[in-house]
Amino acid sequence: MDFQLTQEQEALQDSVKRFCQREYSFDDRRAIIDSPIEQLSAHWQTFAELGWLGAGLSEEAGGFGGGPVENALILEQFGKALVVEPFTPHLVALQLLSTLAPTEQASLIEAMIDGSRRVVMAHFEHVSRGNCATIETVADFRDDQFYLSGHKTLVQGAAHADTFLVSARDGDGISLFLIDANTANIEREVYHSLDNHLVADLRFDNVAVDPRNLVGARGEALQAIELAVDYGIVYLCAEALGAMEAALLMTRDYLKTRQQFGTTLNNFQALQHRMADMLIETELSRSMLYQGLAALESTDAQTRKAGVSATKVQFSQSGIFVGAQSIQLHGGIGVTDECAVGHYYKRLFVIAQLYGNDDYHRDRFVGLI
Amino acid sequence: MHLKFQPEDERFRQECRAFLRENLPEELARRARRGYHPLREDIQTWMRILNKRGWSVPNWPQEYGGPGWSPVQRFIFEEEMRAACAPVVNLLGTELVAPVIYTFGSAEQKAEHLPAIRNGDVLWCQGFSEPGAGSDLASLRTRAERNGNEYVVNGQKTWTTEGHNADMMITLVRTDSTVKPQAGISVLLIDMQSPGITVRPIYTIDEGRSVNEVFLDNVKVPADNLVGEEGKGWSYAKFLLTNERTASAEVPHTKHDILQLEEIARQEYKDGKPLAEDPVFARKLGQLKIDTLALEYAVLRVLTDDSSSSAAVASVIKTRGAELRQRAADLTLEALGDYGLAAAPDPEGVHNLRSGRAPTGLPEYGLGASARAMYRRATTIYGGSNEIQRTIIAKTILQL
């Protein structure tokens, strides 16, 4: 075993860190989240130029030869800077396409990596509550056409996507379709989630889809969706780790400057011990992230799912703990919109629920689902 | 990055398993499975079997008789030993005292003590804590006065684990009371048979005997038994305690507790179904396994990365490791239902038999569980309490 980064990985980490320092201060970010929702963030093209959009995809699959560790390194830095561009949704869609149709969709994958096309998965629904198998959108096959009807909720990255990978019940299985975002009878309702990320609800009302737009075999998409979502979970956890570390250090610095009762707050043992608990949770979370990345390497789906679910349980719990305690130790200023610590909390809170919360994943871990 | 065990690690694991299958006496495993305080004879028998194979002191450098394993191999070996229910050997000698001796001791001390520790001939205890010096160890008062070629030691030690089974005690003494507390401390190696030593049991909450009070009344100790330099004892003790913290994350122990607990949950019933199938119980067990998995990776990180194996990171895993040992023991009692509440001291060990004997209805798989759970309250106290660890984390890592 060896937890050291390679030189290339360290260089990647440095380059993301430099970008965030240069382009993604808390004020820069505020300008992005305050801009009209129609406005495209210019950073996506930068991500493409720096090679990050394909950094974690193997060369055979059309990427630049890295793997999940590279993606996790990028996301950890994004977590520290609270980057709102939908990087994980991009990775999940890439994973889906390269699992189900690597050759057929090679040119689309290439276009996603160079930033000219933006594809996201539209799978989860209000009824899902983290369970990939639970969806109600249906694909009705008649007159050589599929007709999709259903309602996808909180679709991450959907605001500015040009194409959706839409899942639907198809007989006894689940099929996946590549659908242009401007297709007739799709209603896209864009809104912000708590963490100021742009998301959308997508309503499909008898949307006609040509069978050529089927991705992978008919009725057999569920396993690939589960795999892609497992990757997505580990990436969200990497982002959460960055957010936890940033919130922890920010709080530490605050305690060393804030004066009360004639001394700085860092001199109070109750607060020192709370900070120690936050550090313990953060260090255990980093350890669990490595475990989760190791689980993704597993060829056996059960082993992979157990390891990924364990990771999600850890981060759902420790992320909220560290985020909430960071606010608590800041006191009143921590609950203001101008203070970054609340924004860390909100992102950690959302990540804790996305793709299944700790209850769902603990049950998946113990095999109760 | 290699985030998984490599094929050569798996081959090593198989080698450990085969060795344990062929060499661990059933009688020893039967007693160790119950998790009571180990018997002196069992420790010595097992140390000699291990030493014959060259495996009794996995953490030592090869020049002193260690097997030359990587930290990950040592972790695997420990895991397999626990899974096979091998007796827990005298870690105080092998993992705490020996590193102090081979790092700071004289050539004579190495020659005299290391082979005897390696073969289990001489068992050790630790004379650190005192009635007035627990977490605040530097305030210790046991005095050693130099008189020609010997020291004369007077004072009292307490919480001396396995003191009644030990031949030697590594002892912190005050050799200079004119300097600041930390600077006046030295380390002496004291023969427990010396005139003037009295060992009295402190029966613990599990009604067993493991810890003791040790009284030192004009005990004469040869000056050659001073480790390193006079007045440097505090830095040697800190070195030792850092080793203790890393060791006491005890992940292999907790993983074994969980395996035992799963076995119990398959044999105990609730509402006509095995307890293992009860969703509420399964979730508690699942949470324990998840938390243990995170700790396991934290330990593996520390083991494979010299740069982060500081005292501070050791404090992180010590804190959580101690908490998980308690949770595993408590959940085992819950799984045992009524019989989890039965006092059941070790029928073969030393105990304060207030409760007579265990009820006959208590299944063999439950024997020892209640005593274990009670004694585990000590895990968050010994080796520097969890509050001390939190202060270390706050000061050293967070620099608060």
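No experiment lies behind these values; they were computed from the predicted model shown. (Residues numbered from 1 in each chain as written. Chains lettered and ligands numbered in written order. Predicted model: local features only at pLDDT ≥ 70, side-chain atom pairs only at ≥ 80, totals over all residues.)

Caption draft 1: Representation of the overall build of chain A within the structure. Per the secondary structure count, chain A includes 11 helices and 9 strands. For a compact globule of 369 residues, the expected C-alpha radius of gyration is about 21 Å, and chain A comes in at 21 Å, within 12% of that figure. The 369 residues of chain A split such that 53% are buried. (Helix = DSSP H or I, 4+ residues; strand = E, 2+ residues; numbered from the N terminus. Rg over C-alpha atoms; globule rule 2.2 N^0.38 Å. Buried ≥ 20, exposed ≤ 12 C-beta atoms within 10 Å, placed from the backbone.)

Caption draft 2: The interface of chain A and chain B, seen in detail. At the junction of the two partners, chain A supplies 31 residues and chain B supplies 31 residues. Mapped by element, the contributors of at least two residues to the side of chain A that touches chain B are helix H7 (222–257), helix H8 (269–296), helix H9 (301–330) and helix H11 (358–366) of chain A. Per-element tally for the side of chain A that touches chain B: the top contributor is H8(A), with 14 residues. Along the lines of polarity and charge, the residues of the side of chain A that touches chain B split into 19 nonpolar, 7 polar and 5 charged. (Contact = placed C-beta atoms within 7 Å. Nonpolar A, V, L, I, M, F, W, Y, C, P; charged D, E, K, R; others polar.)

Caption draft 3: Representation of the nonpolar core in the model. One finds A:Leu165 and A:Phe177 to be the most contacted residues of the largest nonpolar core, which totals 210 residues. Setting aside residues no more than four positions away along its own chain, A:Phe177 makes contact with A:Phe146, A:Leu148, A:Val166, A:Ala168, A:Val209, A:Asn213, A:Leu214 and A:Val215. Core analysis: the second largest hydrophobic core is formed by 6 residues, B:Tyr36, B:Ala344, B:Leu367 and B:Ala378 among them. (Core = buried A, V, L, I, M, F, W, Y, C linked by C-beta atoms within 7 Å.)

Caption draft 4: Region of the structure containing unusual backbone geometry. All names here are of chain A. Of note in this structure, Leu154 is not a glycine but carries a positive phi near 45°. Note that Leu154 resides in strand E3 (residues 145–156). Of note, the phi angle at Asn196 is positive, near 65°, even though the residue is not glycine. Topologically, Asn196 is positioned in the loop between strand E6 (186–192) and strand E7 (198–209). On the basis of neighbour count, Asn196 is assigned to the partly exposed category, with 17 C-beta atoms found within 10 Å.

Caption draft 5: Main features of the packing of H7(A) against helix H10 (residues 340–353) of chain A. Residues and elements named next belong to chain A. Interhelical geometry of H7 versus H10 gives an angle of 155° and a closest axis separation of 10 Å. Between H7 and H10, the angle falls in the class roughly antiparallel. For the pair H7 and H10, the sense of crossing is left-handed. On H10, the residues that touch Leu236, Glu239, Ala240, Ala243, Met244, Ala246, Ala247, Met250 and Thr251 of H7 are Ala340, Val341, Tyr344, Arg347, Leu348 and Ile351. Of the residues in the contact of H7 with H10, the class split is 12 nonpolar, 1 polar and 2 charged. (Axes fitted to C-alpha atoms, helices over the stretch in contact; angles between N-to-C directions. Parallel < 35°, antiparallel > 145°, perpendicular 65-115°, else oblique. Left-handed = near helix turned anticlockwise from the far one by under 90°.)

Caption draft 6: How the structure looks around the domain arrangement of chain B. Residue and element names in this part refer to chain B. The domain boundaries assigned to chain B delineate domain 1 (7–89), domain 2 (124–231) and domain 3 (248–397). Placing the centre of domain 2 and that of domain 3 at their C-alpha centroids yields a distance of 30 Å. Here the side of domain 2 that touches domain 3 is built from residues that sort into 2 nonpolar, 3 polar and 3 charged. (Domains from an automatic or database assignment.)

Caption draft 7: Quick peek at the environment of A:Leu248. Residues and elements named next belong to chain A. Secondary-structure assignment places Leu248 in helix H7. On the neighbour-count criterion, Leu248 (22 C-beta atoms within 10 Å) is buried. Between the C-alpha atoms of Leu248 and Val322, which are 74 residues apart in sequence, the distance is 7.1 Å. Each residue touching Leu248, except ones within four places of it in the same chain, is listed here: Met278, Leu279, Thr282, Val322 and Ser326.

Caption draft 8: Representation of helix H6 (residues 107–118) of chain B in the model. Residues and elements named next belong to chain B. Over its 12 residues, H6 extends 16 Å from the first C-alpha to the last, a length consistent with the 16 Å expected when each residue adds 1.5 Å. Within H6 the residues assigned to the buried category are His113, Leu114, Ile117 and Arg118. Across the axial projection of H6, the buried residues extend over an arc of 125°, all falling on one side. More than 90 degrees from the buried face of H6, the exposed residues found are Glu108 and Ala111. Within two residues after H6, Gly120 carries a phi angle of roughly 70°, on the positive side. (Expected span 1.5 Å × (residues − 1). Arc of directions from axis to C-beta.)

Caption draft 9: Local environment of the domain arrangement of chain A. All names here are of chain A. Each domain of chain A was delimited in the assignment, giving domain 1 (7–113), domain 2 (119–213) and domain 3 (222–366). With centres defined by C-alpha atoms, the gap from domain 1 to domain 3 works out at 21 Å. Each side of the interface is counted separately: domain 1 has 19 residues, and domain 3 has 25 residues. Per element, the largest residue contribution to the side of domain 1 that touches domain 3 is 10 residues, and it comes from helix H4 (residues 68–81). When the residues that make up the side of domain 1 that touches domain 3 are grouped by side-chain class, the tally is 11 nonpolar, 6 polar and 2 charged.

Caption draft 10: Summary view of the packing of H4(A) against helix H5 (residues 87–100) of chain A. Residues and elements named next belong to chain A. Direction vectors running N to C along H4 and H5 enclose 160°, while the axes themselves pass 11 Å from each other. Here H4 is positioned roughly antiparallel relative to H5, judged by the angle of their axes. Handedness of the crossing formed by H4 with H5: left-handed. Of H5, the residues touching H4 (which contributes Asn71, Ile74, Leu75 and Phe78) are Phe87, Thr88 and Leu91.

Caption draft 11: Broad picture of the pairing of strand E5 (residues 185–191) of chain B. All names here are of chain B. Counting buried positions along E5 gives 6 out of 7 residues, so the element sits mostly inside the fold. Direction of pairing for strand E4 (residues 168–174) relative to E5: antiparallel, over a ladder of 7 bridges. Across the sheet, residue Met168 finds its bridge partner in E5, namely Asp191. (Pairing = 2+ DSSP bridges.)

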